[in-house]
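Coordinates in review
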Amino acid sequence: MRDLVVECPVRLTASNRDELRLLYADLHDHYARRDARDGTRTTLHFVWAAPLDAERFGATYADQRHVFQASRPVLNSVRRLQETNRRLSGCAQPGGASLVT
């Protein structure tokens with residue numbers, strides 16, 4: 001089984017927790033189907049734009065645990081806003097990986 005890592009650049013705000021829950025559910029469903037079809041195991045890496053409010057992050061992290069449970073590995077990290085904006089604009093990731101899978 002091949003292991004894949006998919007970076008998901010995200011911004012956490014006071015008003016987008018419900019949208020993030022929907023995103024987590026959509027990602028869970030999509031990668032569960034794709035991994036079963038392709039024989040892969042995808043790790044989702046959420047890359048948060050800094051600064052990151054600890055209380056909001058704790059709430060969305062709890063949402064991640066609820067949606068993904070043990071179905072797939074999930075990573076979280078913080079990146080400076082300028083670097084995140086550069087990646088969102090379509091610049092290639094290190095190693096030539098695409099932002100879109």
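This structure is a prediction, so every number in the text was calculated from the model and none was measured.

1. Re the pattern of salt bridges
Per the stated rule, a full pass over the model turns up 6 salt bridges. Note that arginine 21 and aspartate 18 form a salt bridge whose closest N and O atoms lie 2.5 Å from each other. Linking arginine 21 with aspartate 18, this pair stays in helix H1 (residues 17-38), spanning 3 residues, or about one helical turn. Since its relative accessible area comes to 33%, arginine 21 is described here as partly exposed. Close ionic contact of arginine 21 with aspartate 63 constitutes a salt bridge, the shortest N to O distance being 3.3 Å. Within this pair, whereas arginine 21 is found in helix H1, its partner aspartate 63 is found in helix H2 (residues 54-68), the two being separated by 42 residues in sequence. Linked by salt bridges that have partners in common, Arg17, Asp18, Arg21 and Asp63 make up one network.

Rules of the game
- Residues numbered from 1 in each chain as written.
- Predicted model: local features only at pLDDT ≥ 70, side-chain atom pairs only at ≥ 80, totals over all residues.
- Heavy atoms only, no water.
- Salt bridge = Lys/Arg side-chain N within 4 Å of Asp/Glu carboxyl O.
- Helix = DSSP H or I, 4+ residues; strand = E, 2+ residues; numbered from the N terminus.
- Buried < 20%, exposed > 50% of the residue type's maximum accessible area, 1.4 Å probe, protein only.

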